[in-house]
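Each chain, letter by letter, is given below.
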Amino acid sequence: MKHIPFIIGLLLLTTTVSNGQDSTKFIFNEFCVSINRTNVQNLNTSNMLGFGLGVYQSFMTDKKFNPKFGIEFNRTSQFKNRIDQGHFVYVTDITYTYSCLSIPFGFRYSIGSKTKIFIETGGFVDIVLAAREKGTQHNYVPINNQYNYTKSEFDKKTKLSDTYGVYLGLGVRVPVSNYELVIKPEYKFAFNSLYSNKDEIYNRYFRLSVGMSF
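Residues numbered from 1 in each chain as written. Predicted model: local features only at pLDDT ≥ 70, side-chain atom pairs only at ≥ 80, totals over all residues. Heavy atoms only, no water.

Caption draft 1: How the structure looks around the overall build of the protein chain. A tally of regular secondary structure across the protein chain gives one helix and twelve strands. Within the span of the protein chain, comprising 214 residues, buried residues form 42% of the whole. Put simply, of all contacts in the protein chain between residues at least 6 apart along the chain, 61% involve residues at least 24 apart. Only carbon and sulfur atoms are counted for the fraction: they give 61% of the accessible area of the protein chain, which is about 12,400 Å². (Helix = DSSP H or I, 4+ residues; strand = E, 2+ residues; numbered from the N terminus. Buried < 20%, exposed > 50% of the residue type's maximum accessible area, 1.4 Å probe, protein only. Contact = heavy atoms within 4.5 Å. Areas by Shrake-Rupley, 256 points an atom, 1.4 Å probe, with all protein chains shown as cover.)

Caption draft 2: Spotlight on a nonpolar patch on the surface. Together, Phe59, Met60, Phe69, Phe105, Val125, Tyr164, Val166 and Phe191 make up an exposed nonpolar region whose accessible area comes to about 720 Å². Here Phe105 lies in strand β7 (residues 89-111). (Patch = residues over 30% accessible without salt bridge, like charges linked within 9 Å, V, L, I, M, F, W, Y side chains within 5 Å. Salt bridge = Lys/Arg side-chain N within 4 Å of Asp/Glu carboxyl O.)

Caption draft 3: Fine view of the pattern of salt bridges. All told, the structure shown has 13 salt bridges when counted by the stated rule. Here Lys184 and Glu120 are joined by a salt bridge, their closest N and O atoms 3.2 Å apart. Placement of the pair is Lys184 in strand β11 (residues 179-190) and Glu120 in strand β8 (residues 116-143), with a sequence separation of 64 residues. Assigned by exposure class, Lys184 and Glu120 land together as buried. Among the ionic pairs, Glu186 bridges to Arg207, the shortest N-O distance being 2.6 Å. Of this pair, Glu186 sits in strand β11 while Arg207 sits in strand β12 (residues 205-213), and the two are 21 residues apart along the sequence. The burial state of Glu186 is the same as that of Arg207; both residues are buried. Shared partners join several salt bridges into a network, and the residues in it are Glu30, Lys68, Glu72, Arg108, Glu120, Lys184, Glu186, Lys188 and Arg207.

Caption draft 4: Just the confidence of the model for the protein chain, in detail. Of all residues in the protein chain, 86% have pLDDT values of 70 or greater, and the mean over the chain is 87. Below a pLDDT of 50 lies the segment residues 15-24, which in the model reaches nine contacts outside its immediate sequence neighbourhood of four places, other chains included. (pLDDT = per-residue confidence, 0-100.)

Caption draft 5: Representation of the pairing of β7 in the model. Pairing geometry for strand β6 (residues 65-84) and β7, over 17 bridges, is antiparallel. Its bridge partner lying in β7, Arg82 is registered against Thr92. Hairpin connection from β6 to β7: four residues lie between these consecutive antiparallel strands. The turn joining β7 and β8, which pair antiparallel and follow one another in sequence, is formed by four residues; a positive phi near 115° is taken by Gly112. (Pairing = 2+ DSSP bridges.)

Caption draft 6: Structural context of unusual backbone geometry. For Asp93, which is not glycine, the phi dihedral falls at a positive 50°. Structurally, the position occupied by Asp93 is in strand β7. Overall, the relative accessible area of 46% leaves Asp93 in the partly exposed class. Unlike most non-glycine residues, Ser177 shows phi in positive territory, near 55°. Its location among the elements puts Ser177 in the loop between β10 (163-176) and β11.

Caption draft 7: Highlighting the side chain of Thr97. Looking at where Thr97 falls in the secondary structure, it is placed in strand β7. The buried category is assigned to Thr97, whose relative accessible area is 16%. Engagement of the side chain of Thr97 in a polar contact is seen with the side chain of Ser77, the distance being 3.2 Å. Residues within four places of Thr97 in sequence aside, it is in contact with Arg75, Thr76, Ser77, Ala130, Ala131 and Arg132. (Polar contact = N/O pair within 3.5 Å; in protein donor to acceptor, adjacent residues only side chain to side chain.)

Caption draft 8: Examining the packing of aromatic side chains more closely. One pass over the full model with this rule turns up 13 aromatic pairs. With a centroid separation of 6.0 Å and an interplanar angle of 40°, the aromatic rings of Phe88 and Tyr147 are classed as tilted. In this pair, Phe88 sits in the loop between β6 and β7 while Tyr147 sits in strand β9 (residues 146-157), placing the two residues 59 residues apart along the sequence. On the basis of relative accessible area, Phe88 is assigned to the partly exposed category, the value being 36%. Ring centres of Tyr140 and Tyr149 lie 4.9 Å apart, and the angle between their planes is 40°; on these two criteria the pair is classed as tilted. Using a relative accessible area of 32% as the deciding quantity, one classes Tyr140 as partly exposed. Sitting over the ring of Phe118, Arg108 keeps its end group 4.1 Å from the ring centre. One residue, Arg204, lies across the ring of Tyr202, its end atom 4.1 Å from the ring centre. (Phe/Tyr/Trp six-rings, centres within 6.5 Å; stacked < 30°, edge-to-face > 60°. Lys NZ or Arg CZ within 6 Å of the ring centre and 35° of its normal.)

Shown next, in the form of structure tokens:
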């Protein structure tokens, strides 16, 4: 709930009134859909697939070097084998799924005349809109010098922290009629963890986006 005023402010930025006209104009000039795969594999963690979409504003698009910012929705997931939650409690087979409002801001450098190859880099903030965890909880309750074991399934909301980091992408812009087809693989690396405990959770992922530039 704390992010709602911020999100509303961003949505209000998506339209602007044209001078001397009563109509409105969408200020973003690039749109994309994407798929992603987390890059957090270790002995206790497996990568999973996700998806997203985004809108962007690129400035000075006729130049080789141009700044860019945007608003994205990215849904990412990862799987944990086991997480200890205390002396007598642990969870297994946990799937974490989180939906983020991502704010990327960076620069793009393009080469070529018609079909252009570009490299893009910058920073981003991932604001967690919603997160869930699903798995199995194991409890050992000590009673009269013995342990009473119980097991239960859970699927619930969880609280994760917002993250920030850097991204790097390499793509191509292909002319199609009056537009450009934009294909861009990229990697997003978050510095801070979503959740800090005995087993930290990081939101780092590869992303392939396909879209149109106007």
